[in-house]
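Below, each chain spelled out in residue letters.
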Amino acid sequence: MELQKPPAGTPEQQPVRQAPEGCLVVAIRLPVRIVVLVLVLPLRMVWDALVVGGRFLNDTVLRPAGRALLWTAWVLLVWPSVALWRYVAVPLGRALTRLGHVLVVVPLTWFHRHALTPLGHALAWLARYLVVVPALWLYAAVLTPVGRAVVWCATGLLRGVGLIATGVGICLYWVLRVLLVLPALALWRWVLTPVGRLLAVVGREVGQALGHAWRVAGRISLAVGRVLGTLFRWIFVEPVRWFHRTVLTPVGHVVRDIVLRPAAEAARSAGRTARAALASAGESVRQARADFRRVLFGESPEPVEAVDRREPVGRAARTLGRSTTALTKD
C-alpha cells in the first residue's frame with residue numbers, strides 16, 4: 001500500500017526513468033568517444049575554415065559584384081524595356097484598339113443587329129411551323145400509342161416466356177436433382193467416404209510399416225556388411241599380410257643382401273674403372289691434340305686454361321651409384 005500520493009499527470013507526461021548503465025558500458029563509451037573526437041576534429045576544423053572563407057568571399061566579393069550586376073541590368077535592360085512599354089507600346093496599342101473598334105466591331109455589330117437577327121428570327125419561325133409542330137403532332141398522335149402497344153405486347157410475351165422458362169427450369173432442376181445429385185450424394189456419403197477413410201488408414205499404416213522396415217533393413221544391412229568385412233579380412237587380408245610379413249619380407253632382405261648390394265658394389269667399381277679409363281683416354285687425346293696444334297701453329301702466346309672433362313662422366317657415374325644404392329635399400 002503506497003503512503004504517498006502519485007504525481008499528477010498522464011503516464012506520457014511523466015519522465016521516463018532510464019535503466020542504470022553498467023561499468024562496462026561506461027568504460028567502452030569513453031575510449032570510443034575519444035577516438036571519434038580525434039577523427040572528427042580535423043574535419044570540423046576544415047569545415048569551419050571553409051565557412052569563414054565563404055562568408056568573407058560573400059561579403060567582400062560576391063555581394064558587391066551582384067549589386068553591380070543588378071544595377072547594370074536595371075540600367076541596360078529593365079529601364080529601357082519599361083520606357084518602351086510605357087511610351088511606345090501602350091499608346092500604339094490604344095490607337096490600334098480604337099481603330100479596330102471603329103473599323104471592325106461597329107460594322108459587325110450593325111450587320112448582326114440589322115441583318116443576321118431578322119434572318120435568324122424568320123428561319124426559327126419557319127422551322128417551328130414546318131418541322132417542330134408536325135413532329136410533336138406525329139409523336140403525340142402516332143408514335144406514343146404505337147409504342148405503348150408494342151411495349152404491352154412485348155411485356156406480355158416476355159412474361160409468358162419467363163413463366164415457361166421458370167417451369168422448364170424447375171422441372172430440369174428436380175430431374176437433375178433426383179437423377180444425378182441425390183445418387184451422387186448417396187454414393188459420396190455411403191461409399192466413397194468410408195472407402196477413402198479405409199484407404200487413408202491403410203496408406204498411413206503402409207507408410208509407417210515401410211519406414212520401420214527401411215530402418216530395420218538398414219541395421220541388418222550394416223550388420224551383414226560388418227560380418228562380410230570381418231570374413232573378408234580373416235579369409236583374405238590377414239593371410240596376405242601374414243605371407244608378406246613372414247615370407248616376402250625375409251626373401252626381399254636376403255635378395256637385397258646377397259644380390260643387390262654386391263651388384264651395386266660391382267657397378268660402382270665398374271663406374272670408377274670406366275671413369276679412370278675415360279679420364280686417361282681424354283688426357284691422351286688432349287695431349288695429342290695439343291702436340292698436333294703445337295707442330296702446326298707453334299707455341300701459343302697465352303696459356304690455355306685446361307678444362308676438366310672428367311666432371312660430366314664422374315657426375316653420371318655418381319648418379320648411377322646413388323640409384324643402385326637406393327634400389328638395394330628398397
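Residues numbered from 1 in each chain as written. Predicted model: local features only at pLDDT ≥ 70, side-chain atom pairs only at ≥ 80, totals over all residues. Heavy atoms only, no water.

1. So, the overall build of the protein chain
For clarity, the threshold we go by: Under the scheme used here, helices are H or I runs from DSSP no shorter than 4 residues and strands are E runs no shorter than 2 residues, and both carry numbers assigned from the N terminus. Only protein chains enter the accessibility calculation, which uses a 1.4 Å probe; a residue whose area is less than 20% of its type maximum is buried, one above 50% is exposed, and one in between is partly exposed.
A tally of regular secondary structure across the protein chain gives 2 helices and 0 strands. Here the protein chain holds 330 residues, and 3% of them are scored as buried.

2. Remarks on the pattern of salt bridges
The line we're drawing: What makes a salt bridge here is a side-chain nitrogen of Lys or Arg within 4 Å of a carboxyl oxygen of Asp or Glu, nothing more.
Considering all chains together, one arrives at 6 salt bridges under this definition. The partner of D59 in a salt bridge is R63, with the nearest N and O atoms 3.9 Å apart. Taken together, the residues D59 and R63, both in helix α1 (residues 23-297) and 4 residues apart, mark about one turn of the helix. Since its relative accessible area comes to 46%, D59 is described here as partly exposed.

3. Quick word on the packing of aromatic side chains
Given two aromatic rings, one states the distance between the centres and the angle between the planes to describe the pair. Inclusion rule: Each Phe, Tyr or Trp ring, with Trp reduced to its six-membered ring, pairs with another whose centre is within 6.5 Å; inter-plane angles below 30 degrees give stacked pairs, above 60 give edge-to-face pairs, and intermediate values give tilted ones.
Under the counting rule described, the total for this entry stands at 3 aromatic pairs. Judged by centre distance (5.5 Å) and plane angle (75 degrees), the rings of Y173 and W174 are edge-to-face.

4. Examining the confidence of the model for the protein chain
Filter applied, for reference: The predictor's confidence in any single residue is recorded as pLDDT, a number from 0 to 100. Should any heavy atoms of two residues lie within 4.5 Å, those residues are considered in contact.
Mean pLDDT over the protein chain stands at 78; residues scoring 70 or higher make up 74%. Low pLDDT, under 50, characterises residues 1-13; the stretch is placed with 2 contacts to residues that sit more than four places away or in other chains. Below pLDDT 50 for its whole length, residues 303-310 participates in 3 contacts with residues either more than four positions away or in separate chains.

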